[in-house]
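Chains, contacts and geometry: an overview
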Amino acid sequence: MTSLNDLTQLCPPPHTAPAVDWQAVEDTLGMTLPDDYKQMASTYGPGAFCDFIRIYHPRSATPWVDLTGRMPTAIREQLRQAHDQGTYPVPHDPRHLFAIGVTDNGEYLFWITDPQDQPDTWRIAVNEARGPRWYTYDGTLTNFLTEVLTGRITVPLFPAGLLDHGVVFSSSPSAPDSNSPQPAPTAGGAVDTQTVREWARAQGYDVPDRGRVPAEIVTRWREAHNA
């Protein structure tokens, strides 16, 4: 097992990183996050490793790499449709895939959130950009980054020259501080039903994969998020 210390020695973080209210973030997402991710995100802040691997962060200034933004839900819905329609094989249940990063080539990185109540055991999956190939890593995100950036493992979906120019972390602008981040609602004041489904399951409610979310659960979600 590697640690955050291994990663920071390999790839020094910036001198400062924006503070994160992790309880507020987890309340927004409706799930507990892996400790290694919270430590890494608090140390590095928003940015990219080798100007290629961009890890989603709750303080990212752009919605495309915002952990609490629309992208994880939108990507999961795309995978669900591909899985249900047989567009191309998805080797993991889309309900257990939560997007956690993206490469500059368009590959997505995921947590495999199974079992959901044991986030420190979540593995990592990578999906080929605009293609059917997948790579699965049996370890944490910090372990994955450390082993990729040392060259101990090779991800076939990543470019062969990824490490040719050294291992660096490039910081990105951070969003203004917020003590109570909220999931983005859809237009017209409606709620994102998939966000509600995931929150409800995390709270122990039994909700259908498709169709209408019961009004009682939507009401409880609104109350929990002041929405």
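Notes on the structure follow. (Residues numbered from 1 in each chain as written. Predicted model: local features only at pLDDT ≥ 70, side-chain atom pairs only at ≥ 80, totals over all residues. Heavy atoms only, no water.)

As a further point, take the overall build of the chain. Each helix and strand in the chain was counted, giving seven helices and seven strands. The order of helices and strands in the chain, counted from the N terminus, is α-α-α-β-β-α-β-β-β-β-α-β-α-α. A buried classification covers 49% of the 227 residues belonging to the chain. As displayed, the chain has an accessible area near 11,100 Å², and 49% of this comes from carbon and sulfur atoms. (Helix = DSSP H or I, 4+ residues; strand = E, 2+ residues; numbered from the N terminus. Buried < 20%, exposed > 50% of the residue type's maximum accessible area, 1.4 Å probe, protein only. Areas by Shrake-Rupley, 256 points an atom, 1.4 Å probe, with all protein chains shown as cover.)

Attention now goes to the side chain of Lys 38. As for its position among the elements, Lys 38 is in helix H3 (residues 35-44). A polar contact of 2.9 Å, which involves the side chain of Lys 38, links it to the side chain of Glu 26. Contact partners of Lys 38, with chain neighbours within four places excluded, come to Trp 22, Glu 26 and Leu 33. (Polar contact = N/O pair within 3.5 Å; in protein donor to acceptor, adjacent residues only side chain to side chain. Contact = heavy atoms within 4.5 Å.)

The next point concerns the layout of surface pockets. In this structure, the largest pocket occupies an estimated 230 Å³ of space. Together, 13 residues line the largest pocket, and Gln 78, Tyr 88, Tyr 108, Asn 127 and Arg 130 are the ones closest to its centre. Secondary structure elements with two or more residues in the lining of the largest pocket: helix H4 (71-85) and strand S4 (108-112). With four residues, the top contributor of residues to the lining of the largest pocket is H4. A per-class count over the lining of the largest pocket returns seven nonpolar, four polar and two charged. (1 Å grid on protein atoms, 1.4 Å probe; cavity = no way out; pocket = protein on both sides within 12 Å on 5 of 7 lines; lining within 4 Å. Points joined across faces, edges and corners; volume = space filled by probe spheres on them. Nonpolar A, V, L, I, M, F, W, Y, C, P; charged D, E, K, R; others polar.)

With that settled, the discussion passes to empty space enclosed by the protein. Evaluation of the coordinates by the stated rule reveals two cavities of 30 Å³ or more. Roughly 70 Å³ of volume is contained in the second largest cavity. Tyr 37, Met 40, Ala 41, Tyr 44, Gly 45, Gly 47, Phe 49, Ile 55, Tyr 56, His 57 and Phe 169 are the residues that line the second largest cavity. Only H3 and strand S1 (47-49) provide two or more residues apiece to the lining of the second largest cavity. Looking at the lining of the second largest cavity, the element that brings in the most residues is H3, giving four residues.

Quick look at the environment of Pro 132 now. Note on placement: Pro 132 falls in the loop between strand S5 (123-127) and strand S6 (134-137). Spatially, the C-alpha atom of Pro 132 lies 9.7 Å from that of Pro 91, the residues being 41 residues apart in sequence. In contact with Pro 132, not counting residues within four places along its chain, are Tyr 88, Pro 89 and Asn 127.

Quick look at the packing of aromatic side chains now. As enumerated under the stated definition, the model contains twelve aromatic pairs in all. Considering the side-chain rings of Phe 144 and Phe 158, the 6.5 Å spacing of their centres and the 70 degrees angle between planes classify their relative orientation as edge-to-face. Placement of the pair is Phe 144 in helix H5 (residues 141-150) and Phe 158 in the loop between H5 and strand S7 (169-171), with a sequence separation of 14 residues. For Phe 158, a relative accessible area of 8% corresponds to the buried category. Ring pairing ties together the aromatic residues Trp 22, Tyr 37, Phe 98, Trp 111 and Trp 122, which thus form one cluster. (Phe/Tyr/Trp six-rings, centres within 6.5 Å; stacked < 30°, edge-to-face > 60°.)

Turning to the environment of Pro 72, a few remarks are in order. When you line up the elements, Pro 72 lands in helix H4. In this structure the C-alpha to C-alpha distance between Pro 72 and Phe 110, which are 38 residues apart in sequence, comes to 9.0 Å. Not counting residues up to four positions away in its chain, the partners in contact with Pro 72 are Tyr 56, Asp 66, Leu 67, Phe 98 and Ala 99.

Let us look at the sheet that holds S6. Read from one edge of the open sheet, seven strands run S6-S5-S4-S3-S2-S1-S7, paired in antiparallel fashion. Two strands bound the open sheet, and with one partner strand each, they are S6 and S7. For this sheet, the mean inter-axis angle between neighbouring strands, taken without regard to orientation, is 30 degrees. One ladder, built from two bridges, connects S1 with strand S2 (residues 53-55); its direction is antiparallel. Each residue of the ladder has a partner; that of Phe 49, found in S2, is Ile 53. (Pairing = 2+ DSSP bridges. Axes fitted to C-alpha atoms, helices over the stretch in contact; angles between N-to-C directions.)

Below, the discussion takes up the environment of Phe 98. Tracing the backbone through its elements, the reader meets Phe 98 in strand S3 (residues 97-103). A C-alpha to C-alpha distance of 6.8 Å links Phe 98 and Arg 76, two positions 22 residues apart in sequence. Contact partners of Phe 98, with chain neighbours within four places excluded, come to Leu 29, Met 31, Leu 67, Pro 72, Arg 76, Leu 109, Phe 110, Trp 111 and Thr 113.

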